[in-house]
Amino acid sequence: MEKLSIVKIGGNIIEDEASLNAFLKLFSNLEGKKILVHGGGKRATHVASKLGIESKMINGRRITDAETLEVITMVYGGLVNKNIVAKLQALHTNAIGLTGADVNSIKSDKRPVKEIDFGFVGDVKEVAYNSIDKLIQADFTPVFCAITHDGKGQLLNTNADTITSQVAVGMSHLYETTIYYCFELNGVLENINDKNSVVKHINSSTYQDLLDKGIIADGMLPKLENCFDALRGGVKNINMGNTSMLTQENDNFTTITL
């Protein structure tokens, strides 16, 4: 099978112009077919504040009421997405900016209300991988923001890590898929106070050992659970680390396999 790279970047890269420009150069130079997924939560919070809209968070997750959804749509789907697409065009990567509503690519269900009502938040249920592949086959590079839709006209705020893993699972029907989760750390760290203590390889058995030792905890738990769900869904392997892992010179990052 042909290889496909799916790269996700978070808010810290998006917020810093120099970091974003450096990353996009690396992404443009990445060989083969590829997809980019981005968030933009920090920028959305900043814009909402300017508009006098309070950002409500519970356990680090955004409550998306109707007003907040309008801001997210403007910021993720407009400001951040189109800025990234324009920068990629300048680097000769023919990018196309997308939400999950475009070409009906990612459908979600609105998250049911349990203890907390998260509002207009989507849980991915279906990825139209054949439609996404038509764009890739036409030599476009899809750039997805963290918005999906329910198929009935409603946009939904959706976790960018989840979009990344679910798109990768869908595309694994057609390609040998690899995910790159780019963030500020060098990878999964054995000692949070030592940025060079990277755990270079994690599989199902070493993962349990790292859990038992408390090395994987807090915010890293859902990320790793997401990773193993994607691997069980057909993704070949997953890499986590800073953006330099997209270069062949850097091997100091975490690779996750079954």
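Please refer to the structure placed before this passage.
Quick caveat: nothing in here was measured; it's all calculated off a predicted structure.

## Observations regarding the pairing of strand S2 (residues 33–38)
Here comes step 1: A large share of S2 lies buried, amounting to five of its six residues.
Here comes step 2: In terms of strand pairing, strand S1 (residues 3–9) meets S2 through six bridges, oriented parallel. Bridge pairing links Ile6 to Ile35 in S2.

## Description of the sheet that holds strand S11 (residues 176–182)
Here comes step 1: Pairing is mixed in the open sheet, where eight strands are placed in the order S5-S8-S2-S1-S11-S13-S14-S12. Of all strands in the sheet, those bounded by a partner on one side alone are strand S5 (95–98) and strand S12 (201–202).
Here comes step 2: Sitting on the sheet, helix H8 (residues 220–232) is in contact with S11, S12, strand S13 (237–241) and strand S14 (254–256), with an inclination near 155° to S13.

## Describing the pattern of salt bridges
Here comes step 1: Under the defined criterion, the tally for this structure stands at eleven salt bridges.
Here comes step 2: Put simply, Glu15 and Arg43 hold a salt bridge, and the shortest N to O gap is 3.1 Å. Taken as a pair, Glu15 in helix H1 (residues 11–15) and Arg43 in helix H3 (residues 41–50) lie far apart in primary sequence, 28 residues in all.
Here comes step 3: A single network of salt bridges, built from pairs that share partners, joins Lys8, Asp161 and Lys223.

Reading guide: rules and limits
Residues numbered from 1 in each chain as written. Predicted model: local features only at pLDDT ≥ 70, side-chain atom pairs only at ≥ 80, totals over all residues. Heavy atoms only, no water. Buried < 20%, exposed > 50% of the residue type's maximum accessible area, 1.4 Å probe, protein only. Helix = DSSP H or I, 4+ residues; strand = E, 2+ residues; numbered from the N terminus. Pairing = 2+ DSSP bridges. Contact = heavy atoms within 4.5 Å. Axes fitted to C-alpha atoms, helices over the stretch in contact; angles between N-to-C directions. Salt bridge = Lys/Arg side-chain N within 4 Å of Asp/Glu carboxyl O.

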